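If you want the building blocks of each chain, they are given just below.
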Amino acid sequence: MGRTVGWLGWLWLLGLWAACGRTLPEETTPSRLAWRPPPLCVPMTCESQGLDCGYAIDGCGGTLHCGECSEDQACGGGGVPNVCGPRPCVPSTCAARGATCGPLPDGCGGVLDCGTCATPEVCGGAGVPNACGPPACVPTTCKASGKNCGQVADGCGGVLDCGACGPDETCGGGGTANVCGLAPCVPTTCEALGKDCGAVSDGCGGVLECGVCGEGRTCGAGGVANVCAASPCQPATCAALGKSCGEVLDGCGGILECGACQADATCGGAGEANVCGAGTCVPTTCAAQGANCGRVSDGCGAVLECGGCLASETCGGAGVPHVCGKAACTPATCEALGRDCGAVSDGCGGTLECGACGEGLTCGGGGVPNVCAVPGCRPDTCGFLGATCGAVADGCGGTLDCGACAAPETCGGTGVPNVCAPPEPVCVDRDLGSALPVSLKGSTVEARDDHAASCGGAGAPDRGYLWTAPRAGTFTFDTARSAVRSVIAVYADGCGGEELACATGGISYGGGARVAVTLTQGQRVLVTVDAVAGGAFTQGSFELHIDELRATEAGACFDGMDNDGDRWVDCADTECRDEPRCKGQGCAHHDLGSALPVTFQGETALSGDGFQGTCGALLQQDRAHLWTAPRAGTFVFDTSPGNDPDAGGHALYLLTGCRGTELGCSAHPHPTTKGAPALKLTLAQGQSVLVVVDGMARPDQDTPIRYTLHVSEWVSSEAGHCHDGADNDADGRADDADPDCGGR
């Protein structure tokens with residue numbers, strides 16, 4: 001009972017203190033009331049709470065500092081507040097890792113998706129993980145390629161050395177590239193031939209490049225083909241001639257621009273040609289000067305084109321300048337011409353019989369007309385392989401140097417070995433400066449789609465060229481002879497400028513297009529060569545031509561462009577049709593003369609699309625050969641490929657001239673000795689024909705081909721002619737494939 005009363009007393013005092021303690025001044029508080037009871041809250045510690053870092057509460061209104069973590073830990077790092085644990089993981093990003101494609105660990109147990117690459121690039125293709133680049137190239141091996149000799153491209157820009165052949169064999173001698181076989185043909189050298197410039201045959205079907213001549217010397221200038229000699233002609237100058245205006249002949253076949261006269265004078269006005277003076281100048285004519293060939297001054301500052309001569313005459317040939325005539329002719333000999341078989345023109349209208357070949361040899365078998373040789377390995381060329389840079393195997397044990405790329409292109413820039421291409425999109429492929437006229441050959445294969453004009457081109461590869469007008473005037477831009485469905489456009493001030501003109505046509509044949517633009521002197525333009533996207537022939541070989549618009553095509557009949565802007569090019573233009581060289585000399589890639597028989601090996605790479613027969617395919621490059629009958633008779637023109645496994649499909653047709661009548665046309669998509677184009681034609685002595693080989697290897701894209709052209713005198717049976725490679729009886733089958741030779 002007493003204990004209970006004691007507790008009640010204490011509770012009463014506590015209540016009284018709570019109610020009244022704050023109203024009493026501290027100094028007047030009775031001593032009994034100054035006593036405070038012990039606290040009811042017991043503060044917690046860091047240790048009691050299991051904490052070892054940071055700031056925490058003690059549970060009674062206070063704050064605790066529980067310490068710091070070591071360097072490799074963080075406070076709360078393990079997910080428990082105020083407890084040291086592993087530092088938290090911050091995931092990486094694709095950008096921070098420099099990754100542009102593929103999956104990549106984020107460093108915290110997760111996986112990043114860094115995207116995909118645009119075709120043709122692949123992830124890690126350039127050897128850098130998770131970075132877009134061209135597909136990784138896996139080099140082939142000699143064994144995998146089935147090759148056992150010579151140098152072979154490994155498919156990745158490198159060259160394999162596949163060894164050498166035994167003493168009785170040569171590399172490619174059996175007709176299969178880089179495979180040892182029997183063949184006695186040993187290519188000659190420039191030194192052995194005594195040649196030091198230009199391209200000559202190596203005697204085994206290949207071509208030797210014998211270099212270029214030094215300053216002041218010209219290849220063949222001394223009358224000996226492929227031999228450097230001092231140039232016989234030194235062009236004159238306006239000052240040396242005493243001329244001050246108009247166009248003047250420089251004495252070496254060129255034309256000098258001698259300026260213009262002041263407003264109060266005219267060129268030739270005082271009676272002296274190409275000299276400024278008062279008065280009116282009356283131009284003379286070719287007829288008035290008694291000239292019927294070449295170029296002469298009209299006396300008033302212009303140059304007259306007086307025409308050309310017939311094949312048997314030359315301008316000034318009889319000793320009278322600008323008059324056609326025949327020079328005294330000295331007949332050549334078989335020995336002087338380096339020929340040892342068949343019939344050859346003597347250069348003076350006669351025919352030389354240079355004999356027959358021995359057993360195992362054929363006339364022209366090595367690719368040189370009228371020279372006996374054993375048909376052997378036929379080396380590839382850079383053009384046929386489509387290679388534009390680097391070292392490439394020629395298929396016969398040798399290596400081709402296909403050149404270097406011009407910036408910004410690199411060799412294999414898009415992942416295709418030995419092909420120049422820009423690694424990134426570009427606006428300008430090349431600056432052409434102020435050149436005039438311009439005649440440029442190129443290809444949009446492996447180019448990028450960098451441009452799109454108002455009349456087409458989006459989605460097709462293209463090329464862009466800067467050009468600056470050298471003077472004020474109206475200029476024509478065309479893509480005549482192109483093997484693509486071309487789109488041409490011109491933009492002011494280069495990249496990003498206003499479109500001045502655009503066209504998808506304007507040339508009378510093929511895939512060419514044309515525009516005309518008026519420009520001021522020094523005005524720069526961007527010229528783009530593109531193609532109509534979708535369908536066939538959206539990429540391939542093209543030609544770009546730039547010239548000042550002319551009033552007539554006459555005087556410019558063999559430059560491959562539409563100079564007067566009327567759609568008609570060169571000999572197709574009515575203003576050129578009477579030009580003597582339009583009979584074939586002006587458009588033939590090769591003049592075979594009057595050789596008989598002929599075995600000529602060629603290819604259509606970089607030839608342009610200049611012809612179209614009634615058979616064959618459109619928009620393919622072609623090659624023209626002029627041949628003149630050495631005597632009256634019936635002749636066979638065929639393209640039997642022999643043992644060439646790379647002969648492409650093509651058409652063969654005969655024309656009377658550059659834009660003449662077609663005399664026959666034959667085509668085959670896959671020529672072999674059992675079936676190849678062949679034409680039979682009767683000609684008079686001295687009659688010339690243009691023999692055109694036109695590609696047709698693919699129906700959707702220009703594809704260069706190589707071919708073997710034979711010209712032989714027709715016989716009723718192949719018997720007795722079973723090893724010359726030609727289809728002598730024009731039945732479509734050659735040599736052992738002909739029943740006359742035991743073939744089936």
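Just so it is clear, the model here is predicted, and its values are computed rather than measured.

(A) Structural detail: the sheet that holds strand E41 (residues 541-548). Strands sit in the order E34-E41-E36-E39 across an open sheet of four strands; the sheet is antiparallel. Each edge of the open sheet is held by one strand with a lone partner, namely strand E34 (438-443) and strand E39 (514-519). The sheet shows a mean angle of 20 degrees between the axes of neighbouring strands, direction not considered.

(B) How the structure looks around the nonpolar core. Residues Leu-432, Trp-467, Phe-477, Ile-488, Leu-519 and Leu-544 are the most contacted members of the largest nonpolar core, which totals 23 residues. Secondary-structure elements contributing two or more residues to this core are E34, strand E35 (463-468), strand E36 (473-478), strand E37 (486-492), strand E38 (499-503), E39, strand E40 (524-531) and E41. Each residue touching Leu-432, except ones within four places of it in the same chain, is listed here: Val-438, Leu-440, Tyr-465, Leu-466, Trp-467, Leu-544 and Ile-546. Counting residues in each nonpolar core, the second largest holds 22 residues, with Leu-596, Phe-637, Leu-654 and Leu-683 among its members.

(C) Representation of the pairing of strand E44 (residues 622-628). A large share of E44 lies buried, amounting to seven of its seven residues. Covered by surrounding structure in E44 are Asp-622, Ala-624, Leu-626 and Thr-628 together with Arg-623, His-625 and Trp-627, the residues of both alternating faces. Sheet topology note: the strand E42 (residues 590-591)/E44 ladder contains two bridges and is parallel. By the bridge assignment for E44, His-590 is matched with His-625. As paired elements, E44 and strand E49 (residues 688-695) share seven bridges and run antiparallel to each other. Among the inter-strand pairings, Arg-623 is bridged to a residue of E49, identified as Val-693.

(D) Broad picture of the sheet that holds strand E50 (residues 706-713). Judged by pairing direction, the sheet is antiparallel, and its four strands sit side by side in the order E43-E50-E45-E48 without closing on themselves. Whereas interior strands pair on both sides, the edge strands pair on one side only; in this sheet they are strand E43 (598-603) and strand E48 (678-683). Between one strand axis and the next, the sheet turns through 20 degrees on average, direction left out of account. Pairing of E43 with E50 involves six bridges; the strand directions are antiparallel. Bridge pairing in E50 places Thr-599 opposite His-710.

(E) Highlighting unusual backbone geometry. Of the consecutive residues Ala-407 and Pro-408, the connecting peptide bond is found in the cis state with omega at 10 degrees. With an omega dihedral of -5 degrees, the bond running from Leu-436 to Pro-437 counts as a cis peptide bond. Here Pro-437 is to be found in the loop between strand E33 (430-431) and E34. Even without being glycine, Asn-82 reaches a positive phi, approximately 60 degrees.

(F) Layout of the packing of aromatic side chains. One pass over the structure, following the stated rule, counts five aromatic pairs. Ring plane angle 85 degrees and centroid distance 5.8 Å describe the contact between Trp-467 and Phe-477, whose orientation is recorded as edge-to-face. Of this pair, Trp-467 sits in strand E35 while Phe-477 sits in strand E36; the two residues are ten residues apart in sequence, bridging distant segments of the chain. One exposure class covers both Trp-467 and Phe-477, and it is buried. What links up through ring pairs into an aromatic cluster is the set Trp-467, Phe-475 and Phe-477. Above the plane of the ring of Phe-558 lies Arg-581, whose end atom (NZ or CZ) is 4.4 Å from the centre. It is Arg-706 that lies over the ring of Phe-384; its NZ or CZ is 5.1 Å from the centre.

(G) Seen up close, the state of the cysteines. Considering all chains together, one arrives at 30 disulfides under this definition. There is a disulfide in this structure between Cys-261 and Cys-276, and the S-S distance comes to 2.1 Å. Residues Cys-261 and Cys-276 share a disulfide whose torsion about the S-S bond is about -90 degrees; that sign makes it left-handed. A residue pair is termed long-range when its members are at least 10 positions apart, and Cys-261 in the loop between strand E18 (255-257) and strand E19 (266-267) and Cys-276 in strand E20 (residues 276-277) qualify at 15 residues. On the basis of relative accessible area, Cys-276 is assigned to the partly exposed category, the value being 28%. A disulfide bridge connects Cys-286 with Cys-306, and the sulfur atoms are separated by 2.0 Å. Here the S-S torsion is close to -85 degrees, and the disulfide linking Cys-286 with Cys-306 is therefore left-handed. Of this pair, Cys-286 sits in the loop between E20 and strand E21 (295-297) while Cys-306 sits in the loop between strand E22 (303-305) and strand E23 (314-315), and the two are 20 residues apart along the sequence. In this structure, Cys-286 and Cys-306 share a single accessibility class: buried.

Criteria and thresholds
Residues numbered from 1 in each chain as written. Predicted model: local features only at pLDDT ≥ 70, side-chain atom pairs only at ≥ 80, totals over all residues. Heavy atoms only, no water. Pairing = 2+ DSSP bridges. Helix = DSSP H or I, 4+ residues; strand = E, 2+ residues; numbered from the N terminus. Axes fitted to C-alpha atoms, helices over the stretch in contact; angles between N-to-C directions. Core = buried A, V, L, I, M, F, W, Y, C linked by side-chain atoms within 4.5 Å. Buried < 20%, exposed > 50% of the residue type's maximum accessible area, 1.4 Å probe, protein only. Contact = heavy atoms within 4.5 Å. Phe/Tyr/Trp six-rings, centres within 6.5 Å; stacked < 30°, edge-to-face > 60°. Lys NZ or Arg CZ within 6 Å of the ring centre and 35° of its normal. Disulfide = S-S within 2.5 Å.

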